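Survey of secondary and tertiary structure
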Amino acid sequence: MYVGVDYYPEHWPRARWETDARLMQEAGFNVVRLAEFAWVMLEPDEGRFTFDWLDDALAVLADHGIAAILGTPTAVMPAWVARKYPETLATRDTGARITWGVRKNNCFTSGTYRLLSERITRAMATHFAATPNVIGWQTDNEFGHPKCYCATCRAEFQDWLRAKYGTLDALNAAWGLHFWGHLVGTWGEVQLPVEPGGSNPSALLDWQRFYSWLNVRFQHDQVQILRAAAPDHFITHNCMGLFSDLNYYDLAAELDHVSWDNYPVWGVPRVMGEAAAAADVMRGLKRKNFWIMEQSAGPGGWGSFGRNPWPGELRLVAYQQLAHGADGQIWFRWRTCTAGREQYWHGLLGHDGRPLRRYREAAQTAAEYHRLAPHLAGTTVHADVAFINDYASIWALQIQPGFEGNTYHAALQRYYDAFLRAGVNVDMVPPDADLSAYRIVVAADLHVLPDALAERLAAYVHGGGVLLADCRTGVKTETNLCHDRTLPGLLAAPLGITIEEYDVVPTELTYAIDGTLGACNAHQYVDWITPDGAAVLARYPDAWQLAEFAAVTRNRYGAGAGYYVGTVVQEPAFYDALIADLFATAGVTPLLTPPPGVEVSVRAGDDTTLLFLLNQTQEPKTVALPAGLRDLLAEADAGASVTLERFGVAVYALEKTPDAHHRLERTL
Ligand code: GAL
């Protein structure tokens, strides 16, 4: 199990390195990430490499049993790059070139920048391939640089479109360019869509796809070099959870494992639900456990800082990721920097470099992780429930939300939080995933619905699956045109409904809804749902214009069922009742029902099942436990219940015999 910190030896005098490494070792840390912003220190002039200081830092770390992940340092170009090759700097949509001096300044279509990136990557990979304590590489840092609107990007976009569509007729049709007389007669006439609120929505969606592809291509260049020069090292990238400017499935495809940077905002309860959802998205990118490459170690902020993690929170946040599939844990950062924009982005050590409370809490966590490691080996989350995580829908909704406040993640989180409260793990899967192993599939706001996907979802339900869809699902084609069918299009049969009209609910209004899921209030948006075979689970009893329409429906179709929620409900209790209904239909039994504020997650391997309980609140919480559990942190058999202290965690296992494993499954 790797546990450690992001470390910047270049920020501190050499005389301090030994102390840092010793304190890390004493904390139980065995890995650091290094050098992702150190390009100019590694190549101070073009083609002149100075790796000696990093060799020395690595040697000091090695003496203390600490391994290293090196960053390809291309997220910050040296000043000499900007001076010698100004075309490497990105251009804003106003046409003005970015001024060098922050980070992520580069244009991804600049051939010069790509060559410079390849050169530093090759030089580093060749030099450090044989360094014993280097174990892997992080490509760049948090891809998701600002878009560039230079002439080269425009020409490459035109080429990319030509490769994708083949003919101008196909492009004109795919983008619906007959509207406003925007038909193009040459590829050169295609402009970059610079007005998010006014440009053609289909052009904007492809522009986003192109931008994502540019990042993936840039990474691909580095990956090829790293694989050839350092074949024994792993390659990863520090993604950003629910950040969605890039198609992370594409970015992850070439990596050995995904890593991500988790910066929960301390003290904001909803953030923990988002961090759990993000962890599931990250695990879903490769259907594989992931690493945390950066995790808040203290108050963060570039100007003002947020609240300090209170005692127990650093540990709780780490355990939440462990429970959702983290196999490595790295805190950002080791020591709070005294210079630069991140002086207030606090690390485990303060500016004074002394090992105080946050250091001790991280050290406690590390010690526990090392004790848990043999149990964790080979385990991951196995879920009966899949959420479709679709970047095309995320982007199309950013371009046109349809109704105010409608974002893909807001919709996803409404349902996700209900599963979290019920203590049921979910997988986040791409739209082309095989769904057959799942009992429930949630397609929240699956706005872009190509016919092939609609047909697969219909077949999934027909074959016995339970599908949950909601408002604005299936409105758009793959190229962001509206489907020319009555909603919900090809999902009409599995859902047993038709929707001829829909309406927004003005901000100051709500509509009461009532039915078998309890009395609640709808806001933001309503579909005018006509059941066509579906049972009505909720109606709008008080709104005369909605009298004949359903709010929520359930339809038997083949061997399965299709649910539809045609509005946004204010009360979380509605979503709890809804998923209880789904569980009954799908035959899903939660392992245990946690009290409010306690998160449950399960990791299992061939002969191990680990149950994690996480108290996200500041009060003690008592949880009734099934029989036969062993408390791995207390190293004792568990009783009939446990009381978790504020921010407390517990990890249980059943003895590792296959028999006992099956017994646990039966008991639970
Ligand atoms: C991350 C980034 C780090 C550091 C941190 C705090 O997004 O990867 O380099 O900047 O945020 O701001």
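About the cut-offs
- Residues numbered from 1 in each chain as written.
- Predicted model: local features only at pLDDT ≥ 70, side-chain atom pairs only at ≥ 80, totals over all residues.
- Heavy atoms only, no water.
- Helix = DSSP H or I, 4+ residues; strand = E, 2+ residues; numbered from the N terminus.
- Buried < 20%, exposed > 50% of the residue type's maximum accessible area, 1.4 Å probe, protein only.
- Polar contact = N/O pair within 3.5 Å; in protein donor to acceptor, adjacent residues only side chain to side chain.
- Contact = heavy atoms within 4.5 Å.
- pLDDT = per-residue confidence, 0-100.
- Arc of directions from axis to C-beta.
- Pairing = 2+ DSSP bridges.
- Right-handed = clockwise from strand over helix to strand, strands pointing away.
- Expected span 1.5 Å × (residues − 1).
- Axes fitted to C-alpha atoms, helices over the stretch in contact; angles between N-to-C directions.
- Parallel < 35°, antiparallel > 145°, perpendicular 65-115°, else oblique.
- Nonpolar A, V, L, I, M, F, W, Y, C, P; charged D, E, K, R; others polar.
- Lys, Arg positive; Asp, Glu negative; His and termini not counted.
- Salt bridge = Lys/Arg side-chain N within 4 Å of Asp/Glu carboxyl O.
- Near = heavy atom within 4 Å.
- Areas by Shrake-Rupley, 256 points an atom, 1.4 Å probe, with all protein chains shown as cover.
- Phe/Tyr/Trp six-rings, centres within 6.5 Å; stacked < 30°, edge-to-face > 60°.
- Left-handed = near helix turned anticlockwise from the far one by under 90°.

1. As for the side chain of Thr74
Within the secondary structure layout, Thr74 lies in the loop between strand 3 (67–71) and helix 4 (79–84). When its relative accessible area of 0% is taken as the criterion, Thr74 is described as buried. Within the structure, the side chain of Thr74 is placed 3.0 Å from the side chain of Gln222, a separation counted as a polar contact. The residues contacting Thr74, other than those within four sequence positions of it, are Glu36, Trp39, Asn106, Tyr113, Ser117, Ile120, Asp140, Phe218 and Gln222.

2. Points about the confidence of the model for the protein chain
On average, the protein chain scores 96 in pLDDT, and the residues at 70 or more come to 98%. Scored below 50 in pLDDT, residues 657–668 shows 17 contacts in the model against residues more than four places distant or in partner chains.

3. Some remarks on helix 7 (residues 168–175)
Taken together, the buried positions of helix 7 are Leu168, Leu171, Asn172, Ala174 and Trp175. Buried residues in helix 7, looked at end-on, bunch into an arc of 165°, giving them a common side. Seen from the open side of helix 7, the exposed residues pointing more than 90 degrees away from its buried face are Asp169 and Ala173. Those residues of helix 7 hidden inside the fold are in contact with helix 6 (151–165) and helix 8 (201–229). Positive backbone phi, at 60°, marks Gly176, one or two positions downstream of helix 7.

4. Observations concerning the sheet that holds strand 27 (residues 649–653)
The sheet built from five strands is open, its strands ordered 21-22-27-24-25 with antiparallel pairing. Only two strands of the sheet have a single partner each, and these edge strands are strand 21 (598–604) and strand 25 (636–637). Of the pairings in the sheet, the one linking strand 22 (residues 609–615) to strand 27 comprises five bridges and is antiparallel in character. Residue Leu613 lies in a different strand from strand 27, and its bridge partner there is Ala650.

5. Concerning the pairing of strand 1 (residues 2–6)
Within strand 1, four of the five residues are buried, leaving the element largely enclosed by the surrounding structure. Bridge count for strand 1 against strand 9 (residues 326–331) is four bridges, and the pairing is parallel. Along strand 9, the bridge assignment pairs Val5 with Trp331. Traced from strand 1 through helix 1 (residues 14–26) to strand 2 (residues 31–34), the parallel crossover comes out right-handed.

6. What about helix 8?
Since one α-helical turn is 3.6 residues long, residues separated by three or four positions face the same way. The terminal C-alpha atoms of helix 8 lie 43 Å apart, and with 29 residues this matches the ideal 42 Å at 1.5 Å per residue to within 8%. In terms of burial, helix 8 is largely enclosed, as 22 of its 29 residues are buried. A distance of 2.7 Å separates the backbone nitrogen of Ser202 from a side-chain oxygen at the start of helix 8, and that oxygen is part of Asn200.

7. A closer look at the packing of helix 6 against helix 8
Running from amino to carboxyl end, helix 6 crosses helix 8 at an angle of 105°, the nearest separation of the two axes being 11 Å. Here helix 6 lies roughly perpendicular to helix 8, going by the angle between them. Packed against helix 6, whose contacting residues are Cys153, Glu156, Phe157, Trp160, Leu161, Lys164 and Tyr165, the element helix 8 presents Ala203, Asp206, Trp207, Arg209, Phe210, Trp213, Leu214 and Arg217 at the interface. Of the residues in the contact of helix 6 with helix 8, the class split is 10 nonpolar, no polar and five charged.

8. With respect to the side chain of Arg333
Inspection of the secondary structure assignment puts Arg333 in the loop between strand 9 and helix 12 (357–376). Buried within the structure, Arg333 lacks any salt-bridge partner; its nearest side chain of opposite charge belongs to Glu342, at an N-O separation of 4.1 Å. Within the structure, Arg333 has its side chain in polar contact with the backbone oxygen of Arg335 (distance 3.0 Å). Aside from chain neighbours lying at most four places away, what touches Arg333 is Asp6, Tyr8, His11, Ala297, Glu342, Trp345, Gly347 and Leu348.

9. Here we look at the site of the ligand
Near the ligand, the surroundings consist of Phe37, Arg103, Asn141, Glu142, Asp261, Tyr263, Glu294, Trp302, Phe332, Glu342 and Trp345. A distance of 2.8 Å is found between an oxygen atom of the ligand and a side-chain nitrogen or oxygen belonging to Arg103. Within the side chain of Glu294, an N or O atom sits 2.8 Å from an oxygen atom of the ligand. For the ligand, whose free accessible area comes to 300 Å², the fraction covered by protein is 92%. Within the shell around the ligand, the residues separate by chemical class into five nonpolar, one polar and five charged.

10. Thoughts on the sheet that holds strand 6 (residues 238–239)
Judged by pairing direction, the sheet is parallel, and its nine strands sit side by side in the order 5-4-3-2-1-9-8-7-6 without closing on themselves. At either end of the open sheet lies a strand with only one pairing partner, and these are strand 5 (234–236) and strand 6. Note: strand 1 against strand 2, three bridges, orientation parallel. Each bridged residue has a counterpart across the sheet, and for Val5 the counterpart in strand 2 is Val32. Running at roughly 170° to strand 2, helix 3 (residues 52–63) makes contact with strand 2, strand 3 and strand 4 (134–138) of the sheet.

11. Remarks on the packing of aromatic side chains
All told, the structure shown has 39 aromatic pairs when counted by the stated rule. Considering the side-chain rings of Phe157 and Trp160, the 6.2 Å spacing of their centres and the 20° angle between planes classify their relative orientation as stacked. Here Trp160 and Phe157 lie together in helix 6, a separation of three residues that amounts to about one turn. Take Phe157: its relative accessible area is 0%, and that puts it in the buried class. Taking the relative accessible area as the measure of exposure, Trp160 reaches 15% and is therefore buried. Plain terms: the ring middles of Tyr391 and Trp395 are 6.1 Å apart, the flat faces sit at 40° to each other, and that makes the pair tilted. Placement of both Tyr391 and Trp395 in helix 13 (residues 391–399) is noted, with a separation of four residues, approximately one turn of the helix.

12. Brief notes about the packing of helix 5 (residues 111–128) against helix 8
As a packed pair, helix 5 and helix 8 sit with axes 9 Å apart at the nearest point and diverge in direction by 25°. Here helix 5 lies roughly parallel to helix 8, going by the angle between them. Crossing of helix 5 against helix 8: the hand is right-handed. Here Tyr113, Arg114, Ser117, Glu118, Thr121, Arg122, Ala125 and Thr126 of helix 5 come into contact with helix 8, specifically with Arg217, Phe218, Asp221, Gln222, Ile225, Leu226 and Ala229. When grouped by side-chain class, the residues that make up the contact of helix 5 with helix 8 number six nonpolar, four polar and five charged.

13. Side note on unusual backbone geometry
At the junction of Phe332 and Arg333, the peptide bond is cis and its omega measures out at 0° in the coordinates. Leu487 connects to Pro488 through a cis peptide bond whose omega is 0°. Inspection of the secondary structure assignment puts Pro488 in the loop between strand 13 (466–470) and helix 16 (492–495). Phi angles above zero are rare outside glycine, and Trp180 is one such case at about 55°. As for its placement among the helices and strands, Trp180 is situated in the loop between helix 7 and helix 8. Here the phi dihedral of Phe647 falls at roughly 55°; this positive angle occurs in a residue that is not glycine. Position of Phe647 relative to the elements: it lies in the loop between strand 26 (641–644) and strand 27. Note on Phe647: relative accessible area 5%, which makes it buried.

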